[in-house]
Amino acid sequence: MTIKASCHCRATTFEVSQAPLTVTQCTCSFCSKRGSLWAYYTPSQFKLTSPLKNVSFYRWGSKTIKHGFCATCGCGTFTETPDWSTGKPDFDNPKISVNSRLFDDFDLDQVEVVVIDGKNLW
């Protein structure tokens, strides 16, 4: 089941190959200010369907994570990150986290929200 997503102005669009089973609310300073609910995918499960030039990127701290946002309206869209499941960055297994609040025609209220304490973890 492909899910399509778009920013507010629709200049940045993408799709993922399946619905998330859960979404993550991170309490770190960046995620909490951004208000995203993250769904995680492998690069093969994600497809940017608008031109890459429509996306700008922000890196902070260690510069390890590449946070995407629409260059026109500013909506946070997706993030390119290494796998952090072991607590350390695994660059051989990259992940794409998408802002599930941007899913079109999808009932996000039916998906469990998992809160992680990013405020105190990093």
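Look above for the structure.
Residues numbered from 1 in each chain as written. Predicted model: local features only at pLDDT ≥ 70, side-chain atom pairs only at ≥ 80, totals over all residues. Heavy atoms only, no water.

Trainee: Go over the sheet that holds strand β1 (residues 3-6), please, and point to the residues and values.
Mentor: The antiparallel open sheet is built from 3 strands, whose spatial order is β1-β2-β5. The open sheet has two free edges, formed respectively by β1 and β5 (46-48), since each of these has just one partner strand. Recorded for the sheet is a direction-independent mean angle of 20° between the axes of neighbouring strands. Across 3 bridges, strand β2 (residues 13-16) lies against β5 in antiparallel orientation. Counted as the bridge partner of Phe14 is Leu48 from β5. (Pairing = 2+ DSSP bridges. Helix = DSSP H or I, 4+ residues; strand = E, 2+ residues; numbered from the N terminus. Axes fitted to C-alpha atoms, helices over the stretch in contact; angles between N-to-C directions.)

Trainee: Give me the lowdown on the pairing of strand β8 (residues 76-83), citing residues and values where you can.
Mentor: The buried fraction of β8 is high, at 7 of 8 residues. Across 3 bridges, strand β7 (residues 66-70) lies against β8 in antiparallel orientation. By the bridge assignment for β8, Lys66 is matched with Glu80. Once β7 ends, the chain turns through 5 residues before running back antiparallel as β8, passing Gly74 with a positive phi of about 90°. Direction of pairing for β8 relative to strand β9 (residues 90-99): antiparallel, over a ladder of 6 bridges. What sits directly across from Thr79, in β9, is Ser97. (Buried < 20%, exposed > 50% of the residue type's maximum accessible area, 1.4 Å probe, protein only.)

Trainee: Run through the nonpolar core, naming residues and quoting values.
Mentor: Counting 17 residues, the largest nonpolar core has Phe14, Val16, Phe46, Val98 and Phe103 as the members making the most contacts within it. Looking at this core, the elements with two or more residues in it are β1, β2, β4 (38-41) and β9. With residues up to four places along the chain from it excluded, the contact list for Phe103 reads Ile3, Lys4, Ala5, Phe14, Val16, Pro20, Ala39, Tyr41 and Val98. Residues Cys26, Cys28, Phe30 and Trp38 belong to the second largest nonpolar core, which totals 5 residues. (Core = buried A, V, L, I, M, F, W, Y, C linked by side-chain atoms within 4.5 Å. Contact = heavy atoms within 4.5 Å.)

Everything listed is a geometric property; what it means functionally is a separate question.
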